Amino acid sequence: MRQRRKPKALFLTIIAVATAIAASLFVISYKCIWGKNVETSEGKDVSLFIATGSDFQAVEDSLCSNCHIIQPASFKFLAKRLNYVEHIKPGHYIVKDGMSNIQLINILRFGKQTPVKVIFNNIRTVEQLAGKISSEIEADSLSILNELRNDSSLMANGFNQYNYASVFIPNTYEFYWNTDAKGFLNRMKREYKIFWNESRLQKARSKSLTPLEVSTLASIVDKETSKTSEMRTIAGVYLNRLKKKRLLQADPTLVFAIGDYGIHRVLNVHKEIDSPYNTYKHLGLPPGPICIPSIAAIDAVLNAEDHKYLYFCAKDDLSGYHVFAKTLDEHNANAERYRRALNKNRIYK
């Protein structure tokens, strides 16, 4: 006759099986939530860009394109359980090697973006700037230009189609990648107000210039020299000419008017162009900047050297530096030496 298993032994067996199952489920759950599920190339951080309007499939595609999700099913399962699938947040996120599902999903669902650095300098036109910015943030170049050209607050503060480039102060800025055109321009307007503090405003007033006029003159200085050490001297020359009501006769304004930035030698024929930017024909400053002026050039105008020079010319050693003159005779002699140097080096245009 077969002996019955004692109830206690059966109970212990059930407990053991249940414990084993629970342990297995715990291990599976732990791995799903906390286990490593991200591998990146060479263990380097990866930038993940999620565009505005993206769905979960787009997020999955972007992840697969930039790194390796070891267990895609577990990532998708947890994303659904945490309600991320229906609440995608655009932006720029840093994905690290060895991340678990919960770590990755948390930065995405809580929108823990890593800002991008936006750097711009040596920009000639707002069109060029818009193209540069659109490569750094989500806003496209056309939307940036449209926002700039239709901003009523700029127009109410003296900006117009000729000078609105002055609102942009070249520097390094941090932005969230999904910044739109309006957000970008609003930030630039705030930075402009910060830059034009009372100290700079007072210096501008002391020279009988508005901030917009300072920026216009600074843009000319920027295109006259790449040597920061002589910017203040060149700014002083132009201020002297403005005070004496003399034509600025700034070659870079002709280059801007012509639109051919490859010109190395300004000729007499160029001086005949019909343009408000032709400072060989029109007295005073041009209607707006000929580039987006650097901070160095703006401060050079605000802190221009006080001297008697009325002329300057590039040195005949073609070093990029300039020689300065008080009289037209001195200047003509300097200019002739420079022309001979250009001819010698076969630079004719």
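Residues numbered from 1 in each chain as written. Predicted model: local features only at pLDDT ≥ 70, side-chain atom pairs only at ≥ 80, totals over all residues. Heavy atoms only, no water.

Focus on the overall build of the protein
Note the cut-off: Starting at the N terminus, helices and strands are each numbered in turn, a helix being any DSSP run of H or I of at least four residues and a strand any DSSP run of E of at least two. Relative accessibility under 20% of the residue-type maximum defines a buried residue, over 50% an exposed one, and the middle range a partly exposed one, all with a 1.4 Å probe and only protein chains included. Only heavy atoms matter for contacts: two residues are in contact if any of them lie within 4.5 Å across the pair. To measure how exposed things are, a 1.4 Å probe is used in the Shrake-Rupley method; for residues, cover is taken only from the protein chains shown.
Secondary structure summary: the protein contains 14 helices and eight strands in total. Sorting the 349 residues of the protein into buried and exposed places 41% on the buried side. Relative to all contacts within the protein whose residues are 6 or more apart in sequence, the contacts with residues 24 or more apart total 65%. Of the roughly 19600 Å² of accessible surface on the protein, a fraction of 52% belongs to carbon and sulfur atoms.

Here's the deal with the environment of K189
Threshold: Any pair of nitrogen or oxygen atoms within 3.5 Å is treated as a polar contact; in protein, a donor-acceptor pairing is required on top of that, and neighbouring residues in sequence qualify only through side-chain atoms on both sides.
Position of K189 among the secondary structure elements: in helix α8 (residues 181–195). Here the alpha-carbon distance between K189 and L154, two residues 35 residues apart in the chain, equals 8.5 Å. In contact with K189, not counting residues within four places along its chain, are D151, S153, L154 and V167. Looking at K189, its side chain comes within polar contact range of the side chain of D151, at 3.0 Å.

Some details on the packing of aromatic side chains
What counts here: The criterion for an aromatic pair is that two Phe, Tyr or Trp rings (for Trp, the six-membered ring) have centres within 6.5 Å, with stacked assigned to planes under 30 degrees apart, edge-to-face to planes over 60 apart and tilted to the rest.
Counted under the stated rule, the structure contains 13 aromatic pairs. The interplanar angle of 45 degrees and the centroid separation of 5.5 Å between the aromatic rings of F175 and F184 together place this pair among those described as tilted. Accessibility expressed as a relative area gives 5% for F175, which makes it buried. With relative accessibility at 1%, the residue F184 sits in the buried group.

Remarks on the nonpolar core
Convention followed: The set of buried Ala, Val, Leu, Ile, Met, Phe, Trp, Tyr and Cys residues whose side-chain atoms join them within 4.5 Å is what this entry labels a nonpolar core.
Core analysis: the largest hydrophobic core is formed by 58 residues, its most contacted members being F120 and F168. For this core, the secondary structure elements donating two or more residues are β5 (116–119), α5 (126–134), α6 (141–149), β6 (172–175), α8, α10 (211–224), α11 (231–243) and α13 (295–302). Setting aside chain neighbours within four positions, we find F120 in contact with L129, K132, I133, F168, I169, P170, N171, Y173 and M188. Formed by 23 residues, the second largest nonpolar core is a distinct cluster that contains V38, I69, L104 and I105.

Comments concerning α11
Spelled out, the test is: The length a helix should cover is 1.5 Å for every residue beyond the first.
Taking 1.5 Å of rise per residue, the 13 residues of α11 would be expected to cover 18 Å, and the 18 Å separating its terminal C-alpha atoms lies within 8% of that figure. The buried count for α11 comes to 10 of 13 residues, which makes it a mostly enclosed element. Every buried residue of α11 is accounted for by M231, T233, I234, A235, G236, V237, Y238, L239, N240 and R241. Its buried side turned inward, α11 meets α10, α13, β7 (311–314) and β8 (322–325).

Digging into the pattern of salt bridges
Definition in use: A carboxyl oxygen of Asp or Glu within 4 Å of a side-chain nitrogen of Lys or Arg is what we treat as a salt bridge.
One pass over the full model with this rule turns up 13 salt bridges. Among the ionic pairs, E136 bridges to K132, the shortest N-O distance being 3.4 Å. Accessibility expressed as a relative area gives 22% for E136, which makes it partly exposed. A relative accessible area of 31% means that K132 is categorised as partly exposed. Taken together, the shared-partner salt bridges connect E336, R339 and R340 into one network.

Focus: unusual backbone geometry
At N122, a residue that is not glycine, the phi angle is positive and equals roughly 55 degrees. Along the chain, N122 falls in the loop between β5 and α5. Overall, N122 belongs to the exposed group, its relative accessible area being 59%. Non-glycine residue Q249 carries a positive phi angle of around 50 degrees. Given the relative accessible area of 34%, Q249 is considered partly exposed.

As for the confidence of the model for the protein
Close inspection of predicted coordinates is inappropriate in any region flagged by low pLDDT. Which entries qualify depends on this criterion: You can read pLDDT as the predictor saying how much it trusts each residue, on a scale of 0 to 100.
Scored by pLDDT, the protein has a mean of 90; 90% of the residues are at 70 or more. When the criterion is pLDDT under 50, residues 22–27 qualifies, and its contacts beyond four places in sequence or with other chains add up to zero contacts.

With respect to the pairing of strand β4 (residues 91–95)
Here is the rule we go by: The criterion for strand pairing is that DSSP finds at least two bridges linking the strands in question.
With respect to burial, β4 is a largely interior element, four of its five residues being buried. The pairing of strand β2 (residues 46–50) with β4 spans five bridges and is classified as antiparallel. Paired with L48 across the two strands is Y93, which belongs to β4.

Examining the packing of α6 against α8
Heads up, the rule is: For helices, the fitted line uses only the C-alpha atoms of the stretch in contact; every axis is such a line through C-alpha atoms, and the angle between N-to-C directions lies from 0 to 180 degrees. For classification purposes, an angle smaller than 35 degrees is called roughly parallel, one larger than 145 roughly antiparallel, one from 65 to 115 roughly perpendicular, and anything else oblique. Note on convention: the crossing is left-handed when the near helix lies turned anticlockwise from the far helix by less than a right angle, right-handed when the turn is clockwise.
With their axes 9 Å apart at the nearest point, α6 and α8 run at an angle of 55 degrees to one another. Classified by the angle their axes make, α6 and α8 are oblique. Crossing handedness for the pair α6 and α8: right-handed. Contacts between α6 and α8 pair S143, I144, E147 and L148 from the former with A181, K182, F184 and L185 from the latter.

Observations concerning the side chain of N334
Within the secondary structure layout, N334 lies in helix α14 (residues 328–344). Take N334: its relative accessible area is 12%, and that puts it in the buried class. Each residue touching N334, except ones within four places of it in the same chain, is listed here: C313, V323, F324 and A325.

Some points on the packing of α10 against α11
Here is the rule we go by: Lys, Arg, Asp and Glu make up the charged group, whereas Ala, Val, Leu, Ile, Met, Phe, Trp, Tyr, Cys and Pro make up the nonpolar group; the residues left over, Gly among them, are polar.
The contact between α10 and α11 brings their axes to 10 Å, and the two run at 130 degrees. Between α10 and α11, the angle is such that the two are oblique. Two packed elements cross with a definite hand, and for α10 against α11 that hand is right-handed. Taken together, the residues of α11 that come into contact with α10 (itself represented by L217, I220, V221, D222 and E224) are M231, I234, A235, Y238, L239 and L242. Looking at the contact of α10 with α11 residue by residue, the class counts come to nine nonpolar, no polar and two charged.

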